[in-house]
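Below, each chain spelled out in residue letters.
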Amino acid sequence: MKLYCLSGHPTLPCNVLKFKSTTIMLDCGLDTTSVLQFLPLPLVHSPRLSKLPGWVSKDGTINLEKELKECAGRVFVDSQPEFCLPERELLDLSTIDVILISNYHCMMALPYITEHTGFTGSVYATEPTLQIGRLLMEELVNFMERVPKAQSATCWKNKEIQRVLPGPLKDAVEVSTWKTCYSIQDVNSALSKVQLVGYSQKVELFGAVQVTPLSSGYSLGSSNWIIQSHYEKVSYVSGSSLLTTHPQPMDQSSLKNSDVLILTGLTQMPTANPDGMLGDFCSNLAMTIRAGGNVLVPCYSSGVIYDLLECLYQFIENANLGSTPFYFISPVANSSLEFSQIFAEWLCHNKQSKVYLPEPPFPHAELIQTNKLKHYPSIHGDFSTDFRQPCVVFTGHPSLRFGDVVHFMELWGKSSLNTIIFTEPDFSYLDALAPYQPLAMKCVYCPIDTRLNFHQVSKLLKEVQPLHVVCPEQYTQPPPAQSHRSDLMLELQPPPMPYRRCSVLGLPFRRRYERIHLLPELAKSLVPSEIKPGVSLATVSAVLQSKDNKHVLQPVPKLPPLPLTKKRKRVVEEPPEVLAPKPLLSGSVPLEGFLAMLHKHGITEVKVEETADGHILHLQAEDSLIQLEEDGTHIVCDNNEALRTTLRDLVLRFLMKL
């Protein structure tokens, strides 16, 4: 059993498991942090960005003025933003049988894998994962296609040139794998391959293994996966949460008795308490509005935004913010808000019960009805006529490199009354803000990450007790910025097996057993013999048929009698002769009893020699040897077949025939 690691990002994993002749991809996360190296894509012409100077090396030998621009002391790539793809050279991706998706953030690279590698397998995901994943992909494509860039930059990726570039471009990794965004045709084709599954639904893969999704408690429809055969069990835990938020709670008990547990997607903010961050978010928002400023919240169109809106619903009345408009701007804003209300069976019990009242499970429905929350596909059209300040705007993309957020950064960045509040933990906020510096607007960092922290995961592993744990190497050492914090790493016994991008791990357990089925007519013919109280044995002579990884014992076919014909034809191929099986022998030969039996049959001169495994009997008059051992008896006599047969029959008297 082998595990191939295709991604170096611990919360956007992509691994391939080879298990019992099946090749299973576990998630296909897309590392979007690479977009931080690119200039933002403004929706309207930006004089500031269009006048940026090009980059030339200090000695003037390398001129990349068309590809790289200098902005606020940093160098950025001036082309369509590109993403860091999972590794595609480590193994042939066309051999993958199945892709299992754990949540909608971990499927963003799916079109790159299903459409451009010769992939012919199936993809399994829950319905909310598929539908919200589709929204996020459509939004990403829309952001890119709205602001097309004429030129593409490739020269800077040359290793010799990249080596002399200023940081952080110099330190960017795997730049050769970076690719521009897929098309909407790729998205539709990739998602047409997805088969929907429900929690605890067992799916057979080629009769070899069974895969089952379990609730992971992180987002709508998010799953952990159990991959098991009859005798082995692998658990894949990715992006899980024990906090009480809107999704169904995490199913922990089904993870017990795992031979191997593959652990990814822990919190990116182990020192930030989500409840404390929500409090900071609300208080900073209220302070800015009261001072007459605007609040910008760069966020994804699904996930934490539901919790933010719920928190604000309770907060705005108490804080006298009832007249402040809240705008949610995204190409998929309407679909996202509606989907969250219809996936009732995937929500926590508290929200499920509201559906039967009937009430909408999320309070943002009421905010929309009372016109406190308005949603728009973009800043053009209706929004420009309804827009009034001061206000709160939720929009994407959290990287601040594309989407409507770029326009608001240009619009509000010059005033210290305004505030930008970062809630998504995926991007460094300082890197996200870099191309907008110098910036007058206030910046507040309130990353809300509800995934498992190290304390919670240690407790979980103590309860489920897997034999072996496999995890990204980042989890086996403290964060580089806090090297003294040994509590921010996994300390287990035995130590976890770490992996990094492009590593191949041999998982430390062997398959020992396989299940075989007996046909009823064969079972009926068995004759059990009791060899000791409570233990019976029966011998089986049968034909083993293996098909689709299922093994069946069938009765030995009886040979049809040869037809009698007047003219004897030469038989071209005679059917194989089926010999009656020899009986199996069980038991042991007691030394004293056997010597008495030999004496009775006239063999009196016997010299007994003790060995490590038993005894050797020398029959001196007959010039023969009998070796009595635990697992066998050997009779050695030269040219005296009659004596050998007699001795054999005497030995058999002490043994049971099966």
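Residues numbered from 1 in each chain as written. Predicted model: local features only at pLDDT ≥ 70, side-chain atom pairs only at ≥ 80, totals over all residues. Heavy atoms only, no water.

Asker: Which residues make up the overall build of the protein, and what values do they have?
Answerer: What the protein contains, in helices and strands, is 17 helices and 36 strands. The globule rule puts the C-alpha radius of gyration for 658 residues at 26 Å, and the 36 Å found for the protein is more than 25% above it. Summarising its shape, the C-alpha atoms of the protein cover approximately 120 × 70 × 70 Å along the three principal directions. Counting across all 658 residues of the protein, residues that qualify as buried make up 50%. For the protein, the share of sequence-separated contacts (at least 6 apart) that also reach a separation of at least 24 residues comes to 70%. Accessible surface, the protein: about 32,200 Å² in total, of which carbon and sulfur atoms supply 51%. A gap of 3 Å separates the mean positions of the 58 positive and 66 negative side-chain charges of the protein. (Helix = DSSP H or I, 4+ residues; strand = E, 2+ residues; numbered from the N terminus. Rg over C-alpha atoms; globule rule 2.2 N^0.38 Å. Buried < 20%, exposed > 50% of the residue type's maximum accessible area, 1.4 Å probe, protein only. Contact = heavy atoms within 4.5 Å. Areas by Shrake-Rupley, 256 points an atom, 1.4 Å probe, with all protein chains shown as cover. Lys, Arg positive; Asp, Glu negative; His and termini not counted. Charge placed at Lys NZ, Arg CZ, Asp CG, Glu CD.)

Asker: I'd like a rundown of the packing of helix α6 (residues 274–290) against helix α7 (residues 304–318), residues and numbers included.
Answerer: At a minimum axis separation of 11 Å, α6 and α7 run at an interaxial angle of 55°. Looking at the two axes, α6 sits oblique to α7. In this structure, the crossing between α6 and α7 has a hand that is right-handed. Where α6 approaches α7, its residues Leu278, Phe281, Cys282, Ser283, Leu285 and Ala286 are matched on the opposing element by Leu308, Cys311, Leu312 and Phe315. Here the residues of the contact of α6 with α7 sort into 9 nonpolar, 1 polar and no charged. (Axes fitted to C-alpha atoms, helices over the stretch in contact; angles between N-to-C directions. Parallel < 35°, antiparallel > 145°, perpendicular 65-115°, else oblique. Left-handed = near helix turned anticlockwise from the far one by under 90°. Nonpolar A, V, L, I, M, F, W, Y, C, P; charged D, E, K, R; others polar.)

Asker: Let's hear about the environment of valine 608: which residues, and what values?
Answerer: Checked against the element boundaries, valine 608 lands in strand β32 (residues 606–610). For valine 608, a relative accessible area of 37% puts it in the partly exposed group. Dropping the residues within four chain positions of it, valine 608 is found in contact with Leu591, Leu595, His615, Ile616 and Leu617.

Asker: Lay out empty space enclosed by the protein in plain terms, naming residues and giving numbers.
Answerer: A probe as big as a water molecule, rolled over the atoms, marks out the empty space that is left. Counted by the stated rule, this structure contains 6 cavities of 30 Å³ or more. Roughly 220 Å³ of internal volume is contained in the largest cavity. In terms of lining, the largest cavity is formed by 21 residues, of which the most central are His105, Tyr218, Gly303, Val304 and Glu424. Residue composition of the lining of the largest cavity, by class: 7 nonpolar, 9 polar and 5 charged. Considered as a void within the structure, the second largest cavity measures approximately 160 Å³ in volume. For the lining of the second largest cavity, the residue count by class is 6 nonpolar, 3 polar and 2 charged. (1 Å grid on protein atoms, 1.4 Å probe; cavity = no way out; pocket = protein on both sides within 12 Å on 5 of 7 lines; lining within 4 Å. Points joined across faces, edges and corners; volume = space filled by probe spheres on them.)

Asker: Help me get a handle on the nonpolar core, residues and values and all.
Answerer: Side chains of a nonpolar character, in soluble globular proteins, are inclined to be buried together. Residues Met25, Phe83, Ile99, Leu110, Phe281 and Phe394 are the most contacted members of the largest nonpolar core, which totals 110 residues. Membership of the second largest hydrophobic core comes to 25 residues, among which are Leu17, Phe19, Val197 and Val260. (Core = buried A, V, L, I, M, F, W, Y, C linked by side-chain atoms within 4.5 Å.)

Asker: Hey, could you go over the packing of aromatic side chains for me, with residue numbers and the actual values?
Answerer: Summed over all chains, the structure comprises 21 aromatic pairs. Between phenylalanine 383 and phenylalanine 387 the ring centres are 5.0 Å apart and the planes differ by 40°, which places this aromatic pair in the tilted class. In this structure phenylalanine 387 comes out as partly exposed when scored by relative accessible area, which is 24%. Relative to tyrosine 475, the ring of phenylalanine 454 lies with its centre 5.9 Å away and its plane at 80°, an arrangement referred to as edge-to-face. Of the two residues, phenylalanine 454 is situated in helix α14 (residues 454–464) and tyrosine 475 in the loop between β23 (468–472) and β24 (497–499); the sequence distance between them amounts to 21 residues. Comparing phenylalanine 454 with tyrosine 475, the two get one shared label, buried. Members of the aromatic cluster, connected to one another through ring pairs, are Tyr327, Tyr376, Phe383, Phe387, Phe408 and Trp412. (Phe/Tyr/Trp six-rings, centres within 6.5 Å; stacked < 30°, edge-to-face > 60°.)

Asker: How would you sum up helix α17 (residues 641–652)? Please name residues and give values.
Answerer: Its 12 residues place the ends of α17 16 Å apart at the C-alpha level, agreeing with the 16 Å of an ideal helix rising 1.5 Å per residue. Considered for burial, the residues of α17 that qualify are Leu643, Leu647, Leu650 and Val651. Projected down its long axis, α17 shows its buried positions confined to an angular sector of 100°, all on one face. (Expected span 1.5 Å × (residues − 1). Arc of directions from axis to C-beta.)

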